Amino acid sequence: MIEWKETYDIGVEKIDCQHRQLLVKLNEFFDACTNQQGKEKIEETLKFLKDYTIEHFGSEEALMEEIDFPELAEHRKTHAEFVQTVLDLEESIKTKGVSVLSTIKLNRTLTDWLINHIHKCDMLIGECISSRKGNEAV
Ligand SMILES: [Fe+2]
């Protein structure tokens, strides 16, 4: 069970709420994997991710455009890659059925996303906003 820490907040309410919402789903999936229920849970998790990514990446990308975020193109590419991983997994399940390998793959993808994307890349958006605010105050 991964707990949300306040230090993970980027300081934008809407985005932070969406990140917390994702963490709830990740924990549900991780729990299911621990209890050997990963196979049952994977389709539901993928379905959630398909809707979630449309909304969440949309919000994040709109925000990045708004603040003229310097690494927007790169960040957008990472989002697209994540969406592709979800679609590939879904396709592989459709054609080959759910396998232990597919649950491991989703487990790894989500853990990596949390550690390397939300906690690092998304944090840069928050830093960019606060530095702009700082400049305005001067
Ligand atoms: Fe992001």
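Because the structure is a prediction, the values reported are computed rather than measured.

## Concerning the packing of aromatic side chains
Right, on to step 1. Summed over the entire model, instances satisfying the criterion amount to 5 aromatic pairs.
Right, on to step 2. With a centroid separation of 5.3 Å and an interplanar angle of 85°, the aromatic rings of tryptophan 4 and tyrosine 8 are classed as edge-to-face.
Right, on to step 3. By relative accessible area, which is 14% here, tyrosine 8 ends up buried.
Right, on to step 4. Between phenylalanine 82 and tryptophan 113, the ring centres sit 4.3 Å apart and the planes meet at 35°, which makes this aromatic pair tilted. A residue pair is termed long-range when its members are at least 10 positions apart, and phenylalanine 82 in helix α3 (residues 72–96) and tryptophan 113 in helix α4 (residues 100–137) qualify at 31 residues.
Right, on to step 5. For phenylalanine 82, a relative accessible area of 4% gives the class buried.

The rules we used
- Residues numbered from 1 in each chain as written.
- Predicted model: local features only at pLDDT ≥ 70, side-chain atom pairs only at ≥ 80, totals over all residues.
- Heavy atoms only, no water.
- Phe/Tyr/Trp six-rings, centres within 6.5 Å; stacked < 30°, edge-to-face > 60°.
- Buried < 20%, exposed > 50% of the residue type's maximum accessible area, 1.4 Å probe, protein only.
- Helix = DSSP H or I, 4+ residues; strand = E, 2+ residues; numbered from the N terminus.

Geometry only, nothing functional implied.
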